[in-house]
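# Summary of the model geometry
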Amino acid sequence: MPLLPSKQIAIVIDDFGNGMKGTAQMLNLPVRLTVAVMPFLPTTKQDAQAAHAKGHGVIVHMPMEPVRGKASWLGPNAILTSLPDEEIRRRVETAIDDVPYAVGMNNHMGSKATADERVMRIVLQVCKEKGLFFLDSRTSYKSVIPKVAKEVGVPLLRNDVFLDDVYTARHVSRQLDVVKQKLEKKENCVVIGHVGPPGLITSGALKSAIPQLERDAKFVLLTELLPPEAVRSAR
């Protein structure tokens with residue numbers, strides 16, 4: 001009887017919630033994913049419910065202020081460093097309430113917000129109160145999330161590889177090779193891809209790569225990488 005792989009891969013797909021290209025293809029991949037759904041958008045609830053029905057994990061993909069970029073990329077009720085404490089809290093609480101079945105949160109963009117201790121302390125405090133873990137997407141090397149999460153006591157995971165920061169099949173294929181290299185050195189790997197402009201490219205590359213990756217690693221939900229006491233049941 002063959003031994004089951006001891007390594008684990010958690011695939012996270014960002015930017016659900018706006019009927020984006022590749023949505024159906026990602027949800028129909030033959031492995032379990034964690035789906036990061038943006039709040040307050042036309043298909044927010046539909047995408048979260050569809051993901052949950054297929055056995056995927058659901059987290060809130062919280063829009064946060066970048067150092068550079070257009071405000072229009074963020075969507076409604078984004079977390080901005082100019083907001084007062086009470087408004088940041090309100091926006092995080094309503095975002096969590098808007099995404100059915102959410103058990104965690106990660107940042108959408110956010111290179112400026114995730115480097116701000118005041119902002120992230122409020123975001124992470126709300127996550128703690130609501131029983132959510134946080135995934136640092138690592139859009140900034142200046143992220144204060146690890147420091148603040150430890151102080152607040154929020155379970156934290158960190159992204160290891162972006163699959164599709166460049167929208168080409170060649171780049172995604174190379175990044176999947178990076179995933180394999182990471183797994184040679186680590187027990188688990190957190191990988192982020194996207195629906196939207198790269199959605200069909202990334203879903204196609206993943207579908208092709210899954211059989212080979214499954215020889216060496218098991219595909220898991222993000223929650224399976226947390227200590228048992230940190231996991232709560234989906235709403």
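All values reported here derive from a predicted model rather than from experimental measurement. (Residues numbered from 1 in each chain as written. Predicted model: local features only at pLDDT ≥ 70, side-chain atom pairs only at ≥ 80, totals over all residues. Heavy atoms only, no water.)

## Concerning the overall build of the protein
In terms of regular secondary structure, the protein is built from seven helices and nine strands. Taken along its principal axes, the extent of the C-alpha atoms in the protein is 55 × 35 × 35 Å. Each of the 235 residues in the protein was classed as buried or not, and the buried ones make up 52%. Sequence separation of at least 24 residues holds for 73% of the intrachain contacts in the protein that already meet a minimum separation of 6. (Helix = DSSP H or I, 4+ residues; strand = E, 2+ residues; numbered from the N terminus. Buried < 20%, exposed > 50% of the residue type's maximum accessible area, 1.4 Å probe, protein only. Contact = heavy atoms within 4.5 Å.)

## Considerations on the side chain of N107
Tracing the backbone shows N107 in strand β4 (residues 104-109). For N107, the side chain forms a polar contact with the main-chain nitrogen of S137, separated by 3.0 Å. Only 3.4 Å separates the side chain of N107 from the side chain of T139, close enough to count as a polar contact. The contact partners of N107, leaving out residues within four places of it in the chain, are H61, M62, M64, T114, F134, L135, D136, S137, T139 and I145. (Polar contact = N/O pair within 3.5 Å; in protein donor to acceptor, adjacent residues only side chain to side chain.)

## Brief notes about the pairing of strand β5 (residues 133-136)
Burial along β5 is two-sided: the face carrying F133 and L135 and the face carrying F134 and D136 are both buried. Judged from the three bridges that link them, β4 and β5 form a sheet pairing that is parallel. Bridge pairing in β5 links M105 to F134. The pairing of β5 with strand β6 (residues 156-158) spans three bridges and is parallel. Each bridged residue has a counterpart across the sheet, and for L135 the counterpart in β6 is L157. Between the parallel elements β5 and β6, the chain passes through helix α5 (residues 145-152) in a crossover that is right-handed. (Pairing = 2+ DSSP bridges. Right-handed = clockwise from strand over helix to strand, strands pointing away.)

## Details of the nonpolar core
If you look at the biggest cluster of nonpolar residues, it comprises 58 residues, and the most contacted ones within it are I9, M105, M120, V123 and F134. With seven residues, helix α4 (residues 117-130) is the single largest residue contributor to this core. With residues up to four places along the chain from it excluded, the contact list for M105 reads I59, V60, M62, V92, I96, V123, C127, L132, F133, F134 and L135. By size, the runner-up hydrophobic cluster in this structure holds 15 residues, among which are V12, I59, V103 and L226. (Core = buried A, V, L, I, M, F, W, Y, C linked by side-chain atoms within 4.5 Å.)

## Re a positive patch on the surface
A surface patch of positive charge is lined by R138, R158, K182 and K185. Looking at where R158 falls in the secondary structure, it is placed in strand β6. According to the relative accessible area criterion, R158 is partly exposed, its value standing at 37%. (Patch = residues over 30% accessible without salt bridge, like charges linked within 9 Å, V, L, I, M, F, W, Y side chains within 5 Å. Areas by Shrake-Rupley, 256 points an atom, 1.4 Å probe, with all protein chains shown as cover. Salt bridge = Lys/Arg side-chain N within 4 Å of Asp/Glu carboxyl O. Lys, Arg positive; Asp, Glu negative; His and termini not counted. Charge placed at Lys NZ, Arg CZ, Asp CG, Glu CD.)

## Points about the packing of helix α3 (residues 85-98) against α4
One way to put it is that α3 packs onto α4 with a least axis distance of 9 Å and a crossing angle of 40 degrees. Taken as axis vectors, α3 and α4 run oblique relative to one another. When you trace α3 past α4, the crossing you get is right-handed. Along the contact surface, α3 presents D85, I88, R89, V92, E93, I96 and D97, while α4 presents R118, V119, I122, V123, Q125, V126, E129 and K130. (Axes fitted to C-alpha atoms, helices over the stretch in contact; angles between N-to-C directions. Parallel < 35°, antiparallel > 145°, perpendicular 65-115°, else oblique. Left-handed = near helix turned anticlockwise from the far one by under 90°.)

## Considerations on the packing of helix α6 (residues 169-185) against helix α7 (residues 199-216)
For the pair α6 and α7, interaxial distance at closest approach is 10 Å and the crossing angle is 35 degrees. Both α6 and α7 take part in a crossing whose hand is right-handed. Contact with α6, carried on its side by A169, V172, L176 and K180, involves I201, T202, A205, L206, A209, Q212 and L213 of α7 and no other residues of that element. The class makeup of the residues in the contact of α6 with α7 is eight nonpolar, two polar and one charged. (Nonpolar A, V, L, I, M, F, W, Y, C, P; charged D, E, K, R; others polar.)

## Let's talk about the environment of G199
Looking at the element boundaries, G199 is found in helix α7. Looking at G199, the relative accessible area reads 0%, which means it is buried. In this structure, the C-alpha to C-alpha distance between G199 and P63, residues 136 residues apart in sequence, is 19 Å. For G199, the contacting residues outside a window of four places in its chain are K21, G22, M26 and H194.

Without other data, these values stay purely geometric and don't point to any function.
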